[in-house]
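In case you want the letters, here they are:
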Amino acid sequence: MKMLLLLITFVLGSAADGCLELHPPTVVVRHGDPVSVNCTVSTDHSGMGWAAPVDDVPITRGVQFLTWRVESLRIWDIKPLCFANRPGEAQCMERLSVTVYKPPDSVSVSSVNSTDPMVEGSQYQLKCEIQNIAPVQNLTVKWYKGDTLVHEDRDCVIEDGKSDREKEPVSVSSTLLITPSRADDGAEYSCGAELDLGPEGPQPPLEEKSMPLRVTVHYKPTINQIDTLLLVLRGNSAVLNCSAKGNPPPDIVWIFNNESITQNGIYTISETDDGGNYTCRASNSVGIHEETVRVIVTENYMPLIAGILVVLVLAISLAFCVIYSIYYKNKKMGHYSLKNVKLCTQNGNVAQNGKDNSLPMTRLPEEKFCA
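Below: a short report on this structure.

Analysis parameters
Residue positions are counted from 1 within each chain, in the order its sequence is given. Local features in a predicted model are, by the rule used here, given only for residues with pLDDT of at least 70; side-chain atom pairs are given and counted only at 80 or more, and totals for whole chains, interfaces and linings are based on all residues. To obtain the side-chain values, all non-hydrogen atoms of the structure were included, while hydrogens and water were left out. Helix and strand labels come from DSSP, where a helix needs a run of H or I of at least four residues and a strand needs a run of E of at least two; each type is numbered from the N terminus. Burial classification: accessible surface area is computed with a 1.4 Å probe over protein chains only, and a residue below 20% of its type maximum counts as buried, one above 50% as exposed, and the rest as partly exposed. Contact criterion: two residues are considered in contact whenever any of their non-hydrogen atoms come within 4.5 Å of each other. All accessible areas in this document rest on Shrake-Rupley with a 1.4 Å probe, and a residue is counted as covered only by the protein chains that are shown. Residues qualify for a patch when their relative accessible area is over 30% and they have no salt bridge, like charges being joined within 9 Å and the nonpolar side chains of Val, Leu, Ile, Met, Phe, Trp and Tyr within 5 Å. Between Lys or Arg on one side and Asp or Glu on the other, a salt bridge is scored when a side-chain nitrogen of the former is within 4 Å of a carboxyl oxygen of the latter. Two cysteine sulfur atoms make up a disulfide if the distance between them is within 2.5 Å. Note on aromatic pairs: the rings of Phe, Tyr and Trp (six-membered ring only in Trp) are paired at centre separations within 6.5 Å, and the planes decide the class, stacked below 30 degrees, edge-to-face beyond 60, tilted for the rest. Placement of a positive charge over a ring is assigned whenever Lys NZ or Arg CZ falls within 6 Å of the ring centre and within 35 degrees of the normal to the ring plane. Any two strands are treated as partners once DSSP identifies two or more bridges connecting them. In this analysis an axis means a line fitted to C-alpha atoms, helices contributing only their contacting stretch, and an angle means the value between N-to-C directions, from 0 to 180 degrees.

What to know about the overall build of the protein
Consideration 1: A tally of regular secondary structure across the protein gives 2 helices and 30 strands.
Consideration 2: Counting across all 371 residues of the protein, residues that qualify as buried make up 33%.
Consideration 3: A fraction of 63% describes how many contacts in the protein between residues 6 or more apart in sequence connect residues 24 or more apart.
Consideration 4: For the protein, the computed accessible surface area is about 23,600 Å², with 53% contributed by carbon and sulfur atoms.

Right, here's the structure in full:
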């Protein structure tokens, strides 16, 4: 009866414009949910009804609107038709646009190549698998690195060779090519299945995200900056310190004259070591990095210089003492003290043995200094 009614409708001609109005004009409904739509007629009619694969509404007279109602919509491709018969005129028809959607059963991400750690600079393929989602034409796969969106894919691969216009749920996959660097070590990649069903659909659009895939990136060592020239005074010691970053953690050795002299990144140059090229080598399963330090051992002249300085100081001190002594003596010669000096007068006789000599003597000046 339904098919006959539809056939009669198309035979009679196209629908008259403006006769019917649907509220809402389009429907977006989750599979299994209820749906209800009113059809209103704006002209005289001899009866109106709904033609649908499920819960159709037979022709009803004397009404201006008619509701199509389904308690649980489980048909994927459905196009209900509201119609109104007008005597002597073309039948009014309005087809309802119905989108039935279903979120995916699961969303997962994996590495296509292997589960082994990735190597810096190599290319790898990640795969996002989405199980049983509808409608696929409204699907966008979003790729994330951490919380950052890195890629969007609308051309997913549909399994089982089904069409991208399929209304029923399908399983699809999307791939992402990455070339990881050492900065990506420990990064988490995930994908999301977004159903954008337009303004009538859920807002914001539905999105189901996968659990993150944490990637491990192996990369060759890089030696931290070290001085390439080291001066060492003979008799003193010096330390060569080398560190490096890599994954897996690198082995670090010091090499001198093509021989390993230590199994770690620290080597102490002792008094017996010679100068030359000391090479730090950091290596792991990915590669090797080397840096060379030129060590120059010079004679230690500090004790000799200190001894010369001591001798010079002593010599200068001795010379100063000699010069000062000579100067002091010269200043003292012919210098007498006049303290307690008094004048005295004496006769012309010179006392001998405590007695006056009566013999005539040469007369001396009367004034003399006496002590």
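As for a nonpolar patch on the surface
Consideration 1: Taken together, the side chains of I305, I308, L309, L312 and I316 make up a nonpolar region of the molecular surface, amounting to roughly 470 Å² of accessible area.
Consideration 2: By relative accessible area, I308 is classed as partly exposed at 44%.

Focus on the state of the cysteines
Defined simply, a disulfide is a covalent bond joining two cysteines at their sulfur atoms.
Consideration 1: Enumeration according to the criterion identifies 4 disulfides in this entry.
Consideration 2: Each sulfur in the disulfide pair C39 and C82 lies 1.8 Å from the other. Here the disulfide of C39 and C82 is left-handed, its torsion about the S-S bond being about -85°. Of this pair, C39 sits in strand 3 (residues 35-41) while C82 sits in strand 7 (residues 81-85), and the two are 43 residues apart along the sequence.
Consideration 3: With relative accessibility at 0%, the residue C82 sits in the buried group.
Consideration 4: No disulfide involves C156; its sulfur sits 7.9 Å from the nearest other cysteine sulfur, which is in C128.
Consideration 5: Since its relative accessible area comes to 17%, C156 is described here as buried.

Some remarks on the packing of aromatic side chains
Consideration 1: For the structure shown, the criterion picks out 3 aromatic pairs.
Consideration 2: Directly above the aromatic system of Y144 lies the positively charged group of K209, at a separation of 4.1 Å from the ring centroid.

Considering the sheet that holds strand 3
Consideration 1: The strand order across the open sheet formed by 3 strands is 1-3-6, and the pairing between neighbours is antiparallel. Sheet topology places strand 1 (20-23) and strand 6 (65-70) at the edges, where each strand pairs with a single neighbour. Strand-to-strand twist in this sheet, taken as the mean axis angle between neighbours without regard to direction, amounts to 20°.
Consideration 2: Two elements, strand 3 and strand 6, share 6 bridges in a ladder whose sense is antiparallel. The residue bridging S36 from the neighbouring strand is R69, located in strand 6.

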